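# Observations on the model geometry
One letter stands for each residue in the lines below.
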Amino acid sequence: MKRSQPDDTRVPIQNHLKSHRISKGLSQGALASLAGVTRQAIYAIETDQYLPTTGVALRLAQALDCRVEDLFALTAGGEVLEGELVGKMPPGLSGPSGKSLPLRVKVARVGDRLLVRPVSSLGDVLNYTVGADGLLMPGSGRSSGQKDRVRVQLLRDRRSVEEEIVVAGCDPAVFLLGEHLRRRQNQATVVGWPMGSGAAIEALRRREVHVAGLHLVDVKSGECNLPYLRRHLKGEEVTVVTFAAWEQGLMVQHGNPKAIREIGDLARKGVRIVNREEGSGARVLLDRKLADAGIKGSQVPGYGQVAASHLEVARLIAQGQADAGIGVRSAARLLGLDFLPVQEERYDLVIPSPYLTTHPGLSHLLDTIVSRSFRSEIEALGGYDTRDTGKVIPLTGPAT
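First, a word on scope: everything that follows refers to the structure included in this document. (Residues numbered from 1 in each chain as written. Predicted model: local features only at pLDDT ≥ 70, side-chain atom pairs only at ≥ 80, totals over all residues. Heavy atoms only, no water.)

With that settled, consider the pairing of strand S11 (residues 211-214). Taken residue by residue, a regular strand's side chains alternate between the two faces of the sheet. Going residue by residue along S11, you find Val211 and Gly213 tucked away on one face and Ala212 and Leu214 tucked away on the opposite face as well. Looking at chain direction, strand S9 (residues 165-169) and S11 are connected through two bridges and run parallel. Bridging from a neighbouring strand, Val167 pairs with Val211 of S11. Across three bridges, the pairing between S11 and strand S16 (residues 338-352) is antiparallel. From the neighbouring strand, Gly213 faces S16, where its bridge partner is Leu349. (Buried < 20%, exposed > 50% of the residue type's maximum accessible area, 1.4 Å probe, protein only. Helix = DSSP H or I, 4+ residues; strand = E, 2+ residues; numbered from the N terminus. Pairing = 2+ DSSP bridges.)

Here it is, written out as structure tokens:
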């Protein structure tokens, strides 16, 4: 066997030797004996330390009763990067032939970290509408301390991938923002990761995203967002920019067949809700209004049924799986639901201030949100007020 060059992640080779060996129930030693090579050679090939010669590859294929291209194949091109896996790895999927399908992932550079996320974590619908940046290479995972390192075969230009802007939050309009940014800056893209306000701020603290969106009204002062940020981002240098104001309220089925008029009606017999996760702005609003009405969450059917976004809440109501849920007017309008307003809120974008100078795309993003075309489009969604969009809000005042 000819020794290859030292491991180079730029070589676009897919290596499936290990998975085929295991599927045949063979040890490395047994395969080595069948192919006429040493066990050390099998180990080196499986760990991408060596590339086999044509002769060795043919003997391995014969021993495993398969084709050489089933074991080793050139990828479709594109650079291979190693990054840090964020979130949980989804269950493996198999194609019609029974072979494992490659995992589609998004890749982004946040500070000095290259982060890899499965596209499937965006949810069922977005999984089919958001293009992947690359494919996770088989057998690439390895643990480094508490971090899982993986290798990704890129499907896009590396520079374009590393210029992506990752936004965590629950406003579905972030995907429109990405489209408007692309119109202005060609390949510039926004990747929106749906999560509640509290989770978005925690992701920002962990340096997993560039921007976090939140809408949390302080019970004592009635002030939006800033009291929460003073408590949870104390000592952090961040810039707070208003995205828009919106209405949040009860979304109910078209025609309101259960005659729901106020939060207290959610505890009535025959009414079932769908909730948001703990720490989300919708959950905080619901809990506060239930407490004001003297109702415990355990008294509300469906309180433990959780959806990951405003759109998911609206979808479940539209499908008849729930009668009501807290969400924004634009989501209700999109799914043809009736809407009972509860309060107006300000949705802010929170950005670590150093990113504004180290990531050039963020200045373009802020230019985009104040553009007339973008503001006109999100206002047309319903429930958005963009009069203060783009306004920088000083994070001053005492922690509460």
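By size, the foremost hydrophobic cluster in this structure holds 40 residues, and its most contacted members are Ile165, Phe243, Met251 and Ile369. Mapped by element, the contributors of at least two residues to this core are S9, helix H7 (174-185), strand S12 (238-252), helix H11 (310-318), helix H12 (329-334), S16, helix H14 (360-369) and helix H15 (372-381). Per-element accounting of this core gives the leading share, five residues, to S12. Beyond its immediate sequence surroundings of up to four residues, Ile165 is in contact with Leu181, Thr189, Val190, Val191, His210, Val211, His359, Gly361, Leu362 and Leu365. (Core = buried A, V, L, I, M, F, W, Y, C linked by side-chain atoms within 4.5 Å. Contact = heavy atoms within 4.5 Å.)

Moving on, we get to the environment of Gln248. Tracing the chain through its elements places Gln248 in strand S12. Here the alpha-carbon distance between Gln248 and Ala282, two residues 34 residues apart in the chain, equals 7.8 Å. At 2.6 Å, the side chain of Gln248 and the side chain of Glu345 are in polar contact. (Polar contact = N/O pair within 3.5 Å; in protein donor to acceptor, adjacent residues only side chain to side chain.)

Once that is clear, we can look at the layout of surface pockets. Put simply, the second largest pocket is a space of about 750 Å³. Taken together, 33 residues make up the lining of the second largest pocket; nearest its centre are Leu126, Pro172, Phe175, Ser309 and Leu311. Every element with two or more residues in the lining of the second largest pocket is listed here: S9, H7, strand S10 (190-194), H11 and H12. Within the lining of the second largest pocket, the residues separate by chemical class into 20 nonpolar, eight polar and five charged. (1 Å grid on protein atoms, 1.4 Å probe; cavity = no way out; pocket = protein on both sides within 12 Å on 5 of 7 lines; lining within 4 Å. Points joined across faces, edges and corners; volume = space filled by probe spheres on them. Nonpolar A, V, L, I, M, F, W, Y, C, P; charged D, E, K, R; others polar.)

Take H11 next. Because each turn of an α-helix spans 3.6 residues, side chains separated by three or four positions in sequence point in the same direction. When we look at burial in H11, the residues that qualify are His310, Val313, Ala314, Leu316 and Ile317. Along the long axis of H11, the arc covered by the buried residues comes to 165°, so they all point the same way. In this structure, the buried side of H11 is in contact with S12, strand S13 (275-276), helix H10 (281-292), strand S14 (306-307), strand S15 (324-328) and H12. Directly beyond the C-terminal end of H11, a positive phi value near 85° is found at Gly320. (Arc of directions from axis to C-beta.)

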